[in-house]
Amino acid sequence: MLDHLTPFLIHWGITALSLWAASHLFKGLKFDDASSLIVSALLLGFANAVVKPLLVLLTLPLTLITFGLFLLVINALMIMLVAALVKGFKVSSFWTAFFASIFIALLSIFIGSFITNDSPANTIQMPHGSGTWL
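**So, the layout of surface pockets**
Here the idea is plain: a probe the size of a water molecule rolls over the atoms and shows the empty space left. Reported here for the second largest pocket is a volume of approximately 280 Å³. Taken together, 14 residues form the lining of the second largest pocket, with L44, N48, S101, I104 and A105 sitting closest to its centre. Counting residues per element, the lining of the second largest pocket draws most heavily on helix α5 (residues 94-114), at five residues. Among the residues forming the lining of the second largest pocket, the class breakdown is six nonpolar, seven polar and one charged.

**So, the packing of aromatic side chains**
Enumeration according to the criterion identifies nine aromatic pairs in this entry. Three or more aromatic residues link up through ring pairs in this structure, and these residues are F94, W95, F98 and F99.

Cut-offs used in this document
- Residues numbered from 1 in each chain as written.
- Predicted model: local features only at pLDDT ≥ 70, side-chain atom pairs only at ≥ 80, totals over all residues.
- Heavy atoms only, no water.
- 1 Å grid on protein atoms, 1.4 Å probe; cavity = no way out; pocket = protein on both sides within 12 Å on 5 of 7 lines; lining within 4 Å.
- Points joined across faces, edges and corners; volume = space filled by probe spheres on them.
- Helix = DSSP H or I, 4+ residues; strand = E, 2+ residues; numbered from the N terminus.
- Nonpolar A, V, L, I, M, F, W, Y, C, P; charged D, E, K, R; others polar.
- Phe/Tyr/Trp six-rings, centres within 6.5 Å; stacked < 30°, edge-to-face > 60°.

The values reported here are purely geometric and, on their own, carry no functional implication.
Structure follows, in structure tokens:
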């Protein structure tokens with residue numbers, strides 16, 4: 001069980017750190033205290049795992065027409081949803097959430113690239129055998 005808990009906690013910490021950095025960079029993104037930051041990071045991860053795929057599926061034609069740029073709008077909406085649900089988390093406008101979501105995603109990828117586990121369990125490998133691939 002701890003094998004699955006550790007990556008979750010690392011991802012949660014990276015999200016919280018990215019949200020904290022974004023709150024210092026963007027004036028319209030504010031946290032009242034550390035607990036609202038931690039809850040927001042947890043809820044943002046949950047929203048990205050559950051709600052976001054549903055929104056992506058429902059807006060697939062619009063996403064295809066905009067060559068995927070509508071996904072940036074969905075990311076901003078996820079931040080606004082979390083801000084509406086968490087009492088101590090405030091976002092002043094859609095555009096603040098839009099640019100903050102881009103910053104949070106890029107910073108999370110950057111930090112995550114340094115905290116990788118190169119174990120064989122986490123790498124994708126092609127199956128071995130005599131089967132043919134089409």
